[in-house]
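Structural description and commentary
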Amino acid sequence: MRVLITGSGGMLGSAVYPAFVRAGHEVVATDLVPRPEPGMPMGLLDVREHGAVRDCARETKPGIILHLAAETDLERCETDRDHAYLTNAIGTQNVALVASELGVPLVYISTAGVFDGTKGDEPYTEFDRPNPINAYGGSKYEGELIVRHTVPRHFIVRAGWMVGGRERDHKFVAKVINQLRDGARVIHAVTDKLGTPTYTEDFAQNLLALIDTPFYGLYHMTCEGAGSRLDVARAIVEFYGRSDVEVIPVSSDFFAETYFAPRPRSEMMRNFALQLRGLNLMRPWPEALRAYLDQAGFELERSSARGA
Ligand SMILES: NC(=O)c1ccc[n+]([C@@H]2O[C@H](COP(=O)([O-])OP(=O)(O)OC[C@H]3O[C@@H](n4cnc5c(N)ncnc54)[C@H](OP(=O)(O)O)[C@@H]3O)[C@@H](O)[C@H]2O)c1
């Protein structure tokens, strides 16, 4: 099948593109700016431009569209809400209108950030009601509603804390790795934010299995289990055997200046719909995180780093 991907140059795209190629699909990768990557020829496509999305889709004639493009920087979304809604809601509407015009299924990647985080200790399922508390979550949720109303055959797939991307990684794991690389002996990580890491490689495999079914609809797709940012930071430090590095628990107030966008206390999700359909392939997050660190080849040798 010919697959058109938006936002292919991001963390998720860097796993989805090769997984779909390996599975035998003919993949047309696009992104906002060219990101030269061996083996991934990438066309330019700004999803904010309806005409450009329409022309690209009419030209490539995909059998399915994977819409990954988004503004994922929560602080940027918070300070420039017009940009957030233009990219994440209107951009999604452009892609959805084109999918509808062509009569092809659309996969829209959404986020645990659509929830307000007040559920308590139970993870969110697909049957819980979203109530976003920041511009990123709000704009992504509007994208969900638009997809639901515009494209009859859609998969809306919510991911948790993204883990993956190697050199494209700009989220929590990369931030911890960068501190280790810079020689930090103390790493602060918060205990009052809970979530479910989501390994991009596992996500790509599970997505392949899901789109092979006729079960269109809404899905949570995260690794199994849950934890705090502190748990994830500790797992990374442990992986590299860095007993010389202290991971200090702090509250979110510690980072209030840098990460000023409000964040839900809990973004824990359960893959309830995938489980009910027998389609859940996601591994426990500690195992998936180790697989990522093993494969990513960050310039942090486990043996030389140990006890350094
Ligand atoms: N990252 C997470 O923690 C996370 C968690 C849950 C769900 N998600 C969702 O998963 C999907 C993939 O995100 P990701 O993790 O791969 O994030 P990412 O690394 O930020 O990738 C998003 C890609 O979309 C591109 N993009 C931004 N604006 C665009 C536009 N107007 N037109 C075309 N492309 C545009 C970005 O380019 P620039 O880098 O140049 O802006 C980037 O290459 C998104 O829908 C996101 O909302 C992400």
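The rules we used
- Residues numbered from 1 in each chain as written.
- Predicted model: local features only at pLDDT ≥ 70, side-chain atom pairs only at ≥ 80, totals over all residues.
- Buried ≥ 20, exposed ≤ 12 C-beta atoms within 10 Å, placed from the backbone.
- Helix = DSSP H or I, 4+ residues; strand = E, 2+ residues; numbered from the N terminus.
- Pairing = 2+ DSSP bridges.
- Right-handed = clockwise from strand over helix to strand, strands pointing away.
- Near = placed C-beta within 6 Å.
- Nonpolar A, V, L, I, M, F, W, Y, C, P; charged D, E, K, R; others polar.
- Axes fitted to C-alpha atoms, helices over the stretch in contact; angles between N-to-C directions.
- Parallel < 35°, antiparallel > 145°, perpendicular 65-115°, else oblique.
- Left-handed = near helix turned anticlockwise from the far one by under 90°.
- Contact = placed C-beta atoms within 7 Å.

1. Brief notes about the pairing of strand β1 (residues 2–6)
- Counted residue by residue, β1 has 4 buried out of 5 residues, so it is predominantly covered.
- Pairing of β1 with strand β2 (residues 26–31) involves 4 bridges; the strand directions are parallel. By the bridge assignment for β2, Ile5 is matched with Ala29.
- Handedness of the β-α-β unit built from β1, helix α1 (residues 13–22) and β2 comes out right-handed.
- Taken together, the 4 bridges between β1 and strand β4 (residues 64–67) define a ladder with parallel strand orientation. The partner of Ile5 across the bridge, within β4, is Leu66.

2. Here's the deal with the site of the ligand
- Around the ligand sit 29 residues, and of these Gly7, Gly10, Ala69, Ala70 and Met162 come closest.
- The class makeup of the residues in the shell around the ligand is 13 nonpolar, 9 polar and 7 charged.

3. A few points about the packing of helix α6 (residues 172–181) against helix α8 (residues 229–239)
- Viewed as axis vectors pointing N to C, α6 and α8 meet at an angle of 50°, and their least axial separation amounts to 10 Å. Looking at the two axes, α6 sits oblique to α8. Our pair here, α6 against α8, has a crossing hand that is right-handed. Residues Phe172, Val173, Val176 and Ile177 of α6 lie in contact with α8, whose contacting residues are Arg229, Val232, Ala233 and Ile236.
- Taken together, the residues of the contact of α6 with α8 break down into 7 nonpolar, no polar and 1 charged.

4. Focus on the sheet that holds strand β9 (residues 194–195)
- The strand order across the open sheet built from 3 strands is β12-β9-β14, with neighbouring strands paired in mixed fashion. Each of the sheet's edge strands pairs with one partner strand only, and the pair in question is β12 (227–228) and β14 (266–267).
- Note: β9 against β14, 2 bridges, orientation parallel. Within β14, the position partnered with Gly195 by the bridge is Glu267.

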